[in-house]
Amino acid sequence: MSSAPGTEGRVAEAPDAGVVDPDYPVTPVPAHARKSFFSVAVVLLGFTVFTPTMLAGAALGPAFTFGDLLLVIAIGSLVLGTYVAVMGWIGARTGLTTVVMARYTLGTRGAKLASLLLGGTQIGWYGVVVGTIGDLTAEALGWQSYGARAAVMIVTSALMCATAYWGYRGMYWVSLVSTPLILVLAFWVLARSLQEVGGFGGLAGIEPTTSMAIAVAVTTVVGTFVSAGTQAPNWTRFARRGSHAVWACVIGFFVGNGLMVFFGAVGALTFGEGDFVLVLYQLGLVGWGLVLLFGNLWKSNADTAYAFGVAGAELFDRPSKAPFVIGGSVIATLLALTGVQNHLVDYLVLLGTFIPPLGGVIIGDFLARWRRGIPADHRPPALRWSNIAAYAVAAALAWLSGELGVGIPPVIGILVAVALSMGLARMSSDRRPAGLSA
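In this text, all values refer to a predicted model and were calculated from it rather than measured experimentally.

Calculation notes
Residues numbered from 1 in each chain as written. Predicted model: local features only at pLDDT ≥ 70, side-chain atom pairs only at ≥ 80, totals over all residues. Heavy atoms only, no water. Salt bridge = Lys/Arg side-chain N within 4 Å of Asp/Glu carboxyl O. Helix = DSSP H or I, 4+ residues; strand = E, 2+ residues; numbered from the N terminus. Buried < 20%, exposed > 50% of the residue type's maximum accessible area, 1.4 Å probe, protein only. Contact = heavy atoms within 4.5 Å. Expected span 1.5 Å × (residues − 1). pLDDT = per-residue confidence, 0-100. Axes fitted to C-alpha atoms, helices over the stretch in contact; angles between N-to-C directions. Parallel < 35°, antiparallel > 145°, perpendicular 65-115°, else oblique. Left-handed = near helix turned anticlockwise from the far one by under 90°. Patch = residues over 30% accessible without salt bridge, like charges linked within 9 Å, V, L, I, M, F, W, Y side chains within 5 Å. Areas by Shrake-Rupley, 256 points an atom, 1.4 Å probe, with all protein chains shown as cover. Polar contact = N/O pair within 3.5 Å; in protein donor to acceptor, adjacent residues only side chain to side chain. Nonpolar A, V, L, I, M, F, W, Y, C, P; charged D, E, K, R; others polar.

**Re the pattern of salt bridges**
Inference 1: By the definition in use, this model includes seven salt bridges.
Inference 2: Asp 317 is the partner of Arg 103 in a salt bridge, and the nearest nitrogen-oxygen pair spans 3.3 Å. Linking Arg 103 in helix α4 (residues 98–106) with Asp 317 in the loop between α14 (286–315) and α15 (322–337), this pair joins segments that are 214 residues apart in sequence.
Inference 3: Judged by relative accessible area, which is 53%, Asp 317 ranks as exposed.
Inference 4: Residue Asp 135 pairs with Arg 149 through a salt bridge whose shortest N-O separation is 3.6 Å. Taken together, the residues Asp 135 in helix α5 (residues 110–141) and Arg 149 in helix α6 (residues 146–166) connect sequence positions 14 residues apart.
Inference 5: For Asp 135, a relative accessible area of 26% puts it in the partly exposed group.
Inference 6: The exposure class assigned to Arg 149 is partly exposed, which follows from its relative accessible area of 22%.
Inference 7: What you see here is one network of salt bridges that share partners, running through Arg 103, Lys 112, Glu 314 and Asp 317.

**Remarks on helix α9 (residues 214–223)**
Inference 1: Within α9 the residues assigned to the buried category are Ala 217, Val 218, Thr 219, Val 221 and Val 222.
Inference 2: Where α9 is buried, its residues touch α2 (54–60), α3 (66–94), α10 (226–229), α12 (242–271) and α19 (409–427).

**Structural notes on α19**
Inference 1: With 19 residues, α19 ought to run about 27 Å at 1.5 Å a step, and its terminal C-alpha atoms sit 27 Å apart, in line with that.
Inference 2: Turning to α19, its buried residues are Pro 409, Pro 410, Val 411, Gly 413, Ile 414, Ala 417, Val 418, Ser 421, Met 422 and Ala 425.
Inference 3: The secondary structure elements touched by the buried residues of α19 are α3, α9, α10, α17 (356–370) and α18 (385–404).

**Section: the confidence of the model for the protein chain**
Inference 1: In this model, the protein chain carries a mean pLDDT of 84, and residues with pLDDT of at least 70 account for 90%.
Inference 2: The lowest-confidence element of the protein chain is helix α16 (residues 345–354), averaging 65 in pLDDT; the highest-confidence one is helix α11 (residues 233–236), averaging 94.
Inference 3: In this model, residues 1–8 is a region of pLDDT below 50 whose contacts with residues beyond four sequence positions or in other chains number 17 contacts.

**Describing the packing of α17 against α19**
Packed helix pairs are specified by the crossing angle of their axes together with the interaxial distance, meaning the distance between the axes.
Inference 1: Remark: α17 packs on α19, axes separated minimally by 7 Å, with the N-to-C direction vectors making an angle of 30°. In this view, α17 runs roughly parallel relative to α19, as classed from their interaxial angle. For the crossing formed where α17 meets α19, the hand is right-handed. Packed against α17, whose contacting residues are Pro 356, Pro 357, Gly 360, Val 361, Ile 363, Gly 364, Asp 365, Leu 367, Ala 368 and Arg 369, the element α19 presents Pro 410, Gly 413, Ile 414, Ala 417, Val 418, Ser 421, Met 422 and Ala 425 at the interface.

**Concerning a nonpolar patch on the surface**
Inference 1: On the surface, Val 393, Leu 397, Trp 399, Leu 400, Leu 404, Val 406 and Leu 420 cluster together into a nonpolar patch covering about 590 Å² of accessible area.
Inference 2: Among the elements that take part in the nonpolar patch, α18 stands out by supplying five residues, more than any other.
Inference 3: By the secondary structure assignment, Val 393 is in helix α18.
Inference 4: Overall, the relative accessible area of 40% leaves Val 393 in the partly exposed class.

**Remarks on unusual backbone geometry**
Inference 1: Positive phi outside glycine occurs at Tyr 24, with the angle close to 50°.
Inference 2: As for its placement among the helices and strands, Tyr 24 is situated in the segment before α1 (37–48).
Inference 3: Located in the positive-phi region is Asp 317, a residue other than glycine, with phi close to 55°.

**Some words on the environment of Thr 333**
Inference 1: In this fold, Thr 333 is placed in helix α15.
Inference 2: With 205 residues separating them along the chain, Thr 333 and Val 128 place their C-alpha atoms 8.9 Å apart.
Inference 3: Among all residues touching Thr 333, those that are not within four sequence positions of it are Tyr 126, Ile 154 and Ser 157.
Inference 4: A distance of 2.6 Å separates the side chain of Thr 333 from the side chain of Ser 157, its partner in a polar contact.

**Considering the packing of α5 against α6**
Inference 1: Orientation of α5 relative to α6, taken along the N-to-C sense of each, is 135°, at an axis distance of 8 Å. Of the possible angle classes, the one that applies to α5 and α6 is oblique. Remark: the crossing between α5 and α6 carries right-handed chirality. Contact with α5, carried on its side by Tyr 126, Val 130, Gly 131, Ile 133, Gly 134, Asp 135, Thr 137 and Ala 138, involves Arg 149, Val 152, Met 153, Thr 156, Ser 157, Met 160 and Cys 161 of α6 and no other residues of that element.
Inference 2: The class makeup of the residues in the contact of α5 with α6 is eight nonpolar, five polar and two charged.

Set out below in structure tokens:
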């Protein structure tokens, strides 16, 4: 899957003179701005080492034997990692964000749907995380007043917004400093958890107390980050080679996300609590719990703000993400102050069914039409109805599979979208636009 040296497979680069934002939110990332493999891997690992993911593991832990639990996490992580790796590879090959790639897939007007869907959900999730920080901090310190919780939300949101405003560099440095500390804390809590049950042998001897279908369990693992993973090109577009993007996605979404699900499952089995922040609270280590809480959610929510910033830049066709990072953060903070974290999670999980088919359409369209590159003189139509229809059918089937309990909804949505978009592109008269070599 490695891309060839040079610009093969990429959109022709625009002159730097027209670029306002150094993160290139609506233009390809030029060669001189590309980052090392280590840099991209650090950012993606920092994105997925996310303590709320542990709650998914907490739901799985009591439902399976230890061996079956490991199998479910491995299968789910493999599905998630493969999907995101392909998306990340395309991001590196084109140098474009997910929402800008959608212009070539859905058309310039159709891409607005992608920007609204991806940007809107990320604003909602940002609000959920900010609200969660306020609530958990108040719980740890015994604060009862709304004003204290609100102050924590506003201050932490400002830090996250500033990091995203700084762009890729800000997210890199926050991830580089906080991710190792968070992983050390998480592995320490894992070791402490194993002491409670006599090691891995004792863990293997715990019998399930609940039940869950394998398909539902795998869907739970895939669903933890499949929506956010659809936006992996926002960061992998900085990779120098497609292979760098692929391995960075594997590290972040297969290893990092899989570990967080595993940690949550072990916490639920040993302490009855999947979130290691709350486990640290139970152990009386409130200070370290707050370090894990702030360090973890700060870097992940900065990535979220960055995502809705570039989505806003595409939506309004602006060369800078900055006003949209600030505006989205303000809206999300207001949502948090109204208690959105208590109401929006189910809504966001539902949207997890509808976002993956968008990535599937982008993948199928790229493989069918753009593998040799997007010519500089190509202008997408306003609406590419074939791909819009492919997305609609795939999303509907993903939703239906969830309602009927048949199959794995995100996987069905992705596979149907890839197959339909590739098939329709091969039947289309413009499958190879002018300027592409044979």
